[in-house]
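Results of the structural survey
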Amino acid sequence: MRRFILCLLPLVGSLIAGRAAIAQSYGIELHNNMMPASGAMGGASLSRPQDLQSAINGNPATMAQFSGPTFGFGGAMIEPTYNVTQTDSLPLVGVDPYSGKSDAPLSLAPNIGAIHQADLLGLPVTFGLGFMTNAGLAVDFRHIPESNGTQASYLALDLVSGAAVKLTPRLAVGGSFTLGTSVLDGPFVQSSSSQTDYATRFTLGANYELGGGTSIGGFWQSEKQLEFDNVVRFANGPLANTYQDLNLDHPMNLGFGIANRCLMGGRLLVAADVIYKNWDDTDFFGSLYHDQWAFQFGGQYRASRRLKLRFGYAFNEDPTRDSVPGTIGGVVPVGGIPTVEYIQGQFAAIAQHRITGGVGIANLVPNMNFDVTLGGVFENEKTFGDTTAMLDGYFVAFGFTFHCPRG
């Protein structure tokens, strides 16, 4: 019992110290791009994840590849560079032309997990529990008077619990249940406040060993539907000085991955994933984004018994719409389409190319592994009506994994 408590202490401490993430990935969702090991492999992790957080947060069937009790805690430090140029006035929201860089600071994204395996009805069942950063974005132009206090932030944290069972030596299936909390602040200039809501979603997955070291896996994830009560109140318009609710959904996701771990005499693991995101059918983001495909590629080379070298690349379609409607999340903003375009410029998930690398060290101290990832997002620029957004950035992800001896 004492050994179990000692292994649990770092997990509890990390939960207490966790802070919000400010980043963009595929739309707003991070998936496994900021995980300690998978992040260095471009996020590729849907069939052969290299950290337990990625198994819990991605394809739940891959939890069967881990035993336990094992605890992993870590996070990511994310530094985006977000510039906006507004070329025309928006008199109904009080915005004048300006150009500047977002003042939102570097932040942390916690990703923590625990896995344990047991026999149930004669089958090996793996249970997992995680505290994950699902999404995060923030821009802040309040230091520029012409922006009229423009700022927006969105943070989604998930408590994920799941289980995987190995039905045969080759086939594993799994599922997870997510209870998520989200905080929205903005994005209607001086007409909205910060609100919190809770929502659930489900994930089902499978993984199959084809033989020869090759495996395939896939998952389906349901929508996450939120409603922020009394978050908007406009001073003008048909609903002037009336509080309005705002509906905001995360999309339904589908993912497929393939991996081979037997190249170069078993020293080289290569993996590739594809993810489809159904933004079209979501409230709020459906007004800003269209359906999106993302592709992740990564490799891991075992340089020695203790040292692993990782590399990766990811590409995703630009999901931002070329034309937007005059409503967003069930709200008709003052100013109509130009105002929605201005909001789109605050949620401009336009980064498409990401390159990553990292190392993993086994038994840095007895029963503890260490992983670190470095990544960079290539600069991209796009114009939405009178608003031009430019985005690039870098991130560092890290994690410690503790293997607690049985008994």
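Nothing here was measured: the structure is a model prediction, and the numbers come from that model.

Cut-off values and rules
Sequence positions are assigned chain by chain, starting from 1 and proceeding in written order. Under the rules for a predicted model, residues below a pLDDT of 70 receive no local features and side-chain atom pairs below 80 are neither given nor counted, while totals for whole chains, interfaces and linings still include all residues. Based on all heavy atoms of the structure, the side-chain values leave hydrogens and waters out of the count. Geometry of aromatic contacts follows a simple scheme: Phe, Tyr and Trp rings, the Trp one being its six-membered ring, pair when their centres are within 6.5 Å, and the pair is stacked under 30 degrees between planes, edge-to-face over 60, tilted otherwise. Categorising residues by exposure relies on relative accessible area from a 1.4 Å probe, with only protein chains included: less than 20% of the type maximum marks a residue as buried, more than 50% marks it as exposed, and the intermediate range marks it as partly exposed. Surface patches are defined over residues having more than 30% relative accessible area and no salt bridge, joining like charges when they lie within 9 Å and nonpolar side chains (Val, Leu, Ile, Met, Phe, Trp, Tyr) when within 5 Å. Working definition of accessibility: Shrake-Rupley area with a 1.4 Å probe, residue cover restricted to the visible protein chains. Any Lys or Arg side-chain nitrogen located within 4 Å of an Asp or Glu carboxyl oxygen qualifies as a salt bridge. Strands are runs of DSSP state E lasting at least 2 residues, helices are runs of H or I lasting at least 4, and numbering of each runs from the N terminus. A 1.4 Å probe that fits into a set of points on a 1 Å grid over the protein atoms alone but cannot get out defines a cavity; an open set with protein on both sides within 12 Å along at least five of seven lines defines a pocket, and lining residues are those with an atom within 4 Å of a point. Grid points are joined across faces, edges and corners, and a volume is the space filled by probe spheres set on the points. Side-chain classes follow a simple rule in which Ala, Val, Leu, Ile, Met, Phe, Trp, Tyr, Cys and Pro form the nonpolar group, Asp, Glu, Lys and Arg form the charged group, and the remainder, Gly included, forms the polar group. Residues enter a nonpolar core if they are buried and are Ala, Val, Leu, Ile, Met, Phe, Trp, Tyr or Cys, with the set joined through side-chain atoms within 4.5 Å. Here a residue-residue contact requires only that any non-hydrogen atoms of the pair lie within 4.5 Å.

1. A closer look at the packing of aromatic side chains
By the definition in use, this model includes 14 aromatic pairs. Here the aromatic rings of Phe284 and Phe285 are separated by 5.0 Å at their centres, their planes lie at 90°, and the arrangement is edge-to-face. Taking the relative accessible area as the measure of exposure, Phe285 reaches 0% and is therefore buried. Where Phe285 meets Tyr289, the ring centres are 5.6 Å apart and the plane angle is 10°; that geometry is what we call stacked. One aromatic cluster in this structure is built from Tyr154, Trp279, Phe284, Phe285, Tyr289 and Phe347.

2. Digging into a nonpolar patch on the surface
Taken together, Leu129, Leu159, Phe177, Leu179, Tyr198, Phe202, Leu204, Trp220 and Leu254 make up a surface patch of nonpolar side chains, about 870 Å² in accessible area. Those elements giving two or more residues to the nonpolar patch turn out to be strand E6 (171-185) and strand E7 (195-211). By residue number, the principal contributor to the nonpolar patch is E7, which donates three residues.

3. Some details on the pattern of salt bridges
Scanning the model with the defined rule gives ten salt bridges in all. Glu29 is paired through a salt bridge with Arg201; the nearest N and O atoms lie 2.9 Å apart. You can see Glu29 sitting in the loop between helix H1 (2-17) and helix H2 (52-57) and its partner Arg201 sitting in strand E7, a full 172 residues away along the chain. Just as Glu29 is buried, Arg201 falls in that class too. Asp371 is the salt-bridge partner of Arg310, the closest N and O atoms lying 2.8 Å from each other. One end of the pair, Arg310, is in strand E14 (residues 307-316); the other, Asp371, is in strand E16 (residues 368-384), with 61 residues separating them in the sequence. With a relative accessible area of 7%, Asp371 lands in the buried category. Linked by salt bridges that have partners in common, Glu29, Arg201 and Lys277 make up one network.

4. Notes on the layout of surface pockets
Reported here for the largest pocket is a volume of approximately 610 Å³. Contributing to the lining of the largest pocket are 30 residues, with Gln50, Phe66, Lys308, Arg310 and Asn369 lying nearest its centre. Those elements that provide at least two residues to the lining of the largest pocket are strand E12 (268-278), strand E13 (292-302), E14, strand E15 (353-365), E16 and strand E17 (387-403). Looking at side-chain class alone, the lining of the largest pocket contains nine nonpolar, eleven polar and ten charged residues.

5. Let's talk about the nonpolar core
Formed by 47 residues in total, the largest nonpolar core has its most connected members in Tyr154, Leu246, Leu248, Phe284, Phe285, Leu288 and Phe347. Once residues lying within four places of it in the same chain are set aside, the contact partners of Leu246 are Leu184, Phe188, Leu226, Glu227, Phe228, Val231, Val232, Phe284, Gly329 and Val331. Grouped together as the second largest cluster of nonpolar side chains are twelve residues, Met35, Met63, Ala64 and Ala164 included.

6. Thoughts on the environment of Thr62
Here Thr62 is to be found in the loop between H2 and strand E1 (70-86). Sequence separation between Thr62 and Gly218 is 156 residues; the distance between their C-alpha atoms is 9.6 Å. Filtering out sequence-adjacent residues up to four positions away, Thr62 remains in contact with Leu46, Ser47, Pro49, Ala55 and Asn207.

7. A few points about the environment of Thr87
Position of Thr87 among the secondary structure elements: in the loop between E1 and strand E2 (98-101). Counting along the chain gives twelve residues from Thr87 to Ser99, while the straight-line C-alpha distance between them is 8.3 Å. Aside from chain neighbours lying at most four places away, what touches Thr87 is Pro97 and Asp386.

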